[in-house]
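Below, each chain spelled out in residue letters.
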Amino acid sequence: MVRPKKFLGQHFLKSKGVIEKIVNSLEISPKDTVIEIGPGTGVLTEEILKREPEKLIAIEVDGELAKLLREKFKKFPNFELINTDATKVDFCSFGKNLKLIGNLPYNVGSFIVLNTVRSKDCLNRAVYMLQKEVVERLTLKHKKPSWLGILLNTFFDTDYLMSVPARFFYPPPKVVSAVISMKPKKVQPSFNVEDYKRFLEKLFMQRRKMLKTKLPLEVLEKANIPPTKRVEQLGVEDFIRLYREFIN
Ligand code: SAH
């Protein structure tokens, strides 16, 4: 047994029921290319391979685990392991209509979600395990929204699939976890992702300040947003309208 490395966010799933549910929600068919982020000891990997996808590419940063996984799944010609950092990978380099999955390392979870948004044009969907609070923010169920949640929901339909208590992991994390599903919207605004991200990040700085201190009155008026509102009171559609007027 490998000793879990805390700095890599290693919390391995041990509940067969949860593992099956997560993999089921990806609805894998034989033509699919699946990318797994942070396969760890390979419990999700094994379940994915049972569904016989055309290809499974697993991205694991830990060299020790990478070696172990290559050995464990060497009989599967459709399995490939890449020993690298998933926050730096261009997912679109693996093809189109991709399905992403992972019990993510929570310390870099946001970076992986951001990387997922950047890859929106080559994704079919993504299913991730993250901290419950993060999943609440990313599905806009939290009372305090985040710029990443707005960015994600501008381009994706998101679903809160289930909560997963700490006892289903080894070692148990300090927080409750949850599973999120995200599918690129069929109709999306044609915004440049990086520019729109910077716009949102700025608006969310000093979030308690009224919007009139952050944006020209004319933009707020045209987008039909009262100037005394704060970011926390706006929904995704409001941000989309605001940005449209802002770049106009
Ligand atoms: N999927 C496994 C392990 C989850 S723990 C399970 O459910 O049991 C998170 C995994 O992500 C660990 O294996 C850790 O080594 C790996 N990891 C951490 N940072 C990473 C990164 N930047 N890129 C890819 N993998 C990473």
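Residues numbered from 1 in each chain as written. Predicted model: local features only at pLDDT ≥ 70, side-chain atom pairs only at ≥ 80, totals over all residues. Heavy atoms only, no water.

## Topic: the overall build of the chain
Part 1 of the reasoning: Looking only at helices and strands, one finds 9 helices and 9 strands in the chain.
Part 2 of the reasoning: For 248 residues, the compact-globule estimate of 2.2 N^0.38 gives 18 Å, and the C-alpha radius of gyration of the chain, at 19 Å, lies within 12% of that figure.
Part 3 of the reasoning: Taken over the C-alpha atoms alone, the chain extends approximately 65 × 35 × 30 Å along its principal axes.
Part 4 of the reasoning: Expressed as a percentage of the 248 residues in the chain, the buried residues total 50%.
Part 5 of the reasoning: In the chain, of all internal contacts separated by at least 6 residues, the share reaching a separation of at least 24 is 66%.
Part 6 of the reasoning: As presented, the chain carries roughly 12,700 Å² of accessible surface, and 51% of it is formed by carbon and sulfur atoms.
Part 7 of the reasoning: A distance of 5 Å separates the average location of the 44 positive side-chain charges in the chain from that of its 29 negative side-chain charges. (Helix = DSSP H or I, 4+ residues; strand = E, 2+ residues; numbered from the N terminus. Rg over C-alpha atoms; globule rule 2.2 N^0.38 Å. Buried < 20%, exposed > 50% of the residue type's maximum accessible area, 1.4 Å probe, protein only. Contact = heavy atoms within 4.5 Å. Areas by Shrake-Rupley, 256 points an atom, 1.4 Å probe, with all protein chains shown as cover. Lys, Arg positive; Asp, Glu negative; His and termini not counted. Charge placed at Lys NZ, Arg CZ, Asp CG, Glu CD.)

## Some points on the state of the cysteines
Part 1 of the reasoning: If you walk through the whole model with that rule in mind, you get 1 disulfide.
Part 2 of the reasoning: Across a sulfur-sulfur distance of 2.0 Å, Cys92 and Cys122 are joined as a disulfide pair. The sign of the S-S torsion, about -80°, decides the handedness of the disulfide formed by Cys92 and Cys122: left-handed. Note that Cys92 is positioned in the loop between strand S4 (79–82) and strand S5 (98–103) and Cys122 in the loop between helix H4 (109–118) and strand S6 (123–131), a separation of 30 residues in sequence.
Part 3 of the reasoning: Among the residues examined, Cys92 registers a relative accessible area of 30% and is labelled partly exposed. (Disulfide = S-S within 2.5 Å.)

## Focus on H4
The periodicity of an α-helix, 3.6 residues per turn, causes residues three or four places apart in sequence to face the same way.
Part 1 of the reasoning: Counting buried residues in H4 gives 7 out of 10 residues, a clear majority hidden from the surface.
Part 2 of the reasoning: For H4, every residue scored as buried is listed here: Gly109, Ile112, Val113, Leu114, Asn115, Thr116 and Val117.

## Overview of the side chain of Asn78
Part 1 of the reasoning: Looking at the secondary structure, you find Asn78 in the loop between helix H3 (63–72) and S4.
Part 2 of the reasoning: Exposure remark for Asn78: the relative accessible area of 14% places this residue in the buried category.
Part 3 of the reasoning: Side-chain polar atoms of Asn78 contact the backbone oxygen of Pro53, separated by 2.9 Å.
Part 4 of the reasoning: Sequence-distant contacts of Asn78, that is, excluding residues within four places in its chain, are made with Leu49, Glu52, Pro53, Glu54, Lys55 and Leu56. (Polar contact = N/O pair within 3.5 Å; in protein donor to acceptor, adjacent residues only side chain to side chain.)

## A closer look at unusual backbone geometry
Part 1 of the reasoning: The amide bond that connects Tyr170 to the next residue, Pro171, takes the cis arrangement and shows omega of -15°.
Part 2 of the reasoning: If you trace the backbone, Pro171 turns up in the loop between strand S8 (169–170) and strand S9 (177–184).
Part 3 of the reasoning: For Leu140, which is not a glycine, the phi torsion comes out positive at approximately 60°.
Part 4 of the reasoning: Mapping Leu140 onto the fold places it in the loop between helix H5 (132–138) and helix H6 (147–155).

Shape is all these values report; function is a separate question.
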